[in-house]
Amino acid sequence: MSKSVTSAITRKLLRGRLCLDFANTADWHASDQPEERLTSYAEFVSWSRQAGILTEKQAKRLLRQAADHPEEATAVLKWAIALREAIYEIFAAVAHGQAPQATDWTTLNAALSEMLAHSQIAPTENGFGWQWAGDEDALDRPLWSIARSAADLLTSDELQRVGQCADDRGCGWLFLDTSRNHTRRWCDIKDCGNRAKAHRHYERKRVSDLGVLAGQVT
Ligand SMILES: [Zn+2]
């Protein structure tokens, strides 16, 4: 029995929207030195499996395909990271009320053309729905779902709910703020939220300690 594609790796997914989770596949994204988590084509497949856009069977099939065509897999990984950066830049700009750069639109639209070329409408149990046409062996297959998620979010009312973690050390993760009053500030209250709280506590304590010290001196 072969082990699961994702068994060795546990990824943190905020599960707001697929395109935002994909944008978060670099840590410390808003800092000077982001940490790349898509370090191989296999990692990209593993992430896609965990994000739910590939079945176990599809993931294994792509890994086999990548093993047979390593150069193509490397090129797809490079393209995935370029698309990831464009999606990150677009939604980070939107989160701060700024206009995204033209070059990022160009990258996203190239991915959308590719996605549309593989899309078709087909009957489903309840009517009709989108499905991917053909090529089970296409190494860039997960990117079609990601590009469509980005297009869906950009053209939806939820766009105004996109936010970016307020962590001042450069976490930079993007999220969908589903709080009633749009007050979410952190990617994760238990992570960056706690760190900020601990830091504020430390600062307050330091200031009050200094005050006590100053009081002793005078
Ligand atoms: Zn954060």
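Refer to the structure above for everything that follows.
Small disclaimer: the values here were computed from a predicted structure and weren't measured.

A. Local environment of the overall build of the chain. On a plain count of helices and strands, the chain comes out with seven helices and six strands. Shown N-terminal to C-terminal, the secondary structure of the chain runs as helices and strands in the order α-β-β-α-α-α-α-β-β-α-β-β-α. Per-residue burial over the chain gives 41% buried out of 218 residues. Taking the intrachain contacts of the chain between residues at least 6 apart in sequence as the baseline, contacts between residues at least 24 apart amount to 61%. Accessible surface, the chain as shown: approximately 12,700 Å² in total, 52% of it carbon and sulfur.

B. Highlighting helix α6 (residues 141–154). With 14 residues, α6 should cover 20 Å at 1.5 Å per step; its first-to-last C-alpha distance of 21 Å lies within 8% of that length. In terms of residue burial, α6 counts as a mostly covered element, since 12 of its 14 residues are buried. For α6, every residue scored as buried is listed here: R141, P142, L143, W144, S145, I146, A147, S149, A150, A151, L153 and L154.

C. The arrangement of the nonpolar core in detail. In terms of nonpolar packing, the biggest core is built from 45 residues, with F22, Y41, F44, W47, I87, F91 and I146 touching the most fellow members. Mapped by element, the contributors of at least two residues to this core are α1 (18–23), α2 (41–51), α3 (56–68), α4 (70–95), α5 (102–117), α6 and β6 (174–176). Looking at this core, the element that brings in the most residues is α4, giving 10 residues. If we skip the residues at most four places from it in the chain, I87 touches C19, F22, A23, L108, I146 and A150. Ranked by size, the runner-up nonpolar core spans seven residues in total, among them C165, W173, W186 and C187.

D. Structural detail: the pairing of strand β3 (residues 119–124). Relative to strand β4 (residues 127–132), β3 is paired through six bridges, and the arrangement is antiparallel. Each residue of the ladder has a partner; that of I121, found in β4, is W130. Between β3 and β4, which pair antiparallel one after the other, the connecting turn spans two residues.

E. Broad picture of the coordination of the zinc ion. Donor atoms from the polypeptide that bind the zinc ion are C165 (SG), C171 (SG), C187 (SG) and C192 (SG), placed at 2.3 to 2.4 Å. Spacing between the donor residues of the zinc ion along their common chain follows C-x5-C-x15-C-x4-C. Given the relative accessible area of 7%, C165 is considered buried.

F. Molecular detail of a nonpolar patch on the surface. Side chains of L116, I121, F128 and W130 sit close together on the surface and give an oily, nonpolar patch of about 520 Å² of accessible area. Tracing the backbone through its elements, the reader meets W130 in strand β4.

G. Quick peek at the pattern of salt bridges. Scanning all chains against the criterion turns up 10 salt bridges. Its salt-bridge partner being E56, residue R49 comes within 2.7 Å of it at the nearest N-O pair. On the basis of relative accessible area, R49 is assigned to the partly exposed category, the value being 26%. Of the charged contacts, one joins D191 and R195 as a salt bridge, the two residues approaching to 3.7 Å between their closest N and O atoms. Of the two residues, D191 and R195 both sit in helix α7 (residues 189–217), four residues apart, roughly one turn of that helix. Under the relative-accessibility criterion, D191 is labelled partly exposed at 32%.

H. Spatial organisation of the side chain of D21. Counting through the fold element by element, D21 comes out in helix α1. With no salt bridge to any partner, buried D21 finds its closest opposite charge in R15, at an N-O distance of 5.5 Å.

I. Region of the structure containing unusual backbone geometry. You will see that R15, though not glycine, has its phi angle at about 55°, which is positive. For R15, the location among the structural elements is in the segment before α1. Of note, the phi angle at H182 is positive, near 55°, even though the residue is not glycine. Relative to the assigned elements, H182 resides in the loop between β6 and α7. A residue is classified by how much of its surface remains accessible, and H182, at 36% relative accessible area, is partly exposed.

Cut-offs and rules
- Residues numbered from 1 in each chain as written.
- Predicted model: local features only at pLDDT ≥ 70, side-chain atom pairs only at ≥ 80, totals over all residues.
- Heavy atoms only, no water.
- Helix = DSSP H or I, 4+ residues; strand = E, 2+ residues; numbered from the N terminus.
- Buried < 20%, exposed > 50% of the residue type's maximum accessible area, 1.4 Å probe, protein only.
- Contact = heavy atoms within 4.5 Å.
- Areas by Shrake-Rupley, 256 points an atom, 1.4 Å probe, with all protein chains shown as cover.
- Expected span 1.5 Å × (residues − 1).
- Core = buried A, V, L, I, M, F, W, Y, C linked by side-chain atoms within 4.5 Å.
- Pairing = 2+ DSSP bridges.
- Donors = N, O, S within 2.8 Å, 3.2 Å for Na, K, Ca; no water.
- Patch = residues over 30% accessible without salt bridge, like charges linked within 9 Å, V, L, I, M, F, W, Y side chains within 5 Å.
- Salt bridge = Lys/Arg side-chain N within 4 Å of Asp/Glu carboxyl O.
- Lys, Arg positive; Asp, Glu negative; His and termini not counted.

Remember, this is a structural readout, not a statement about activity or role.
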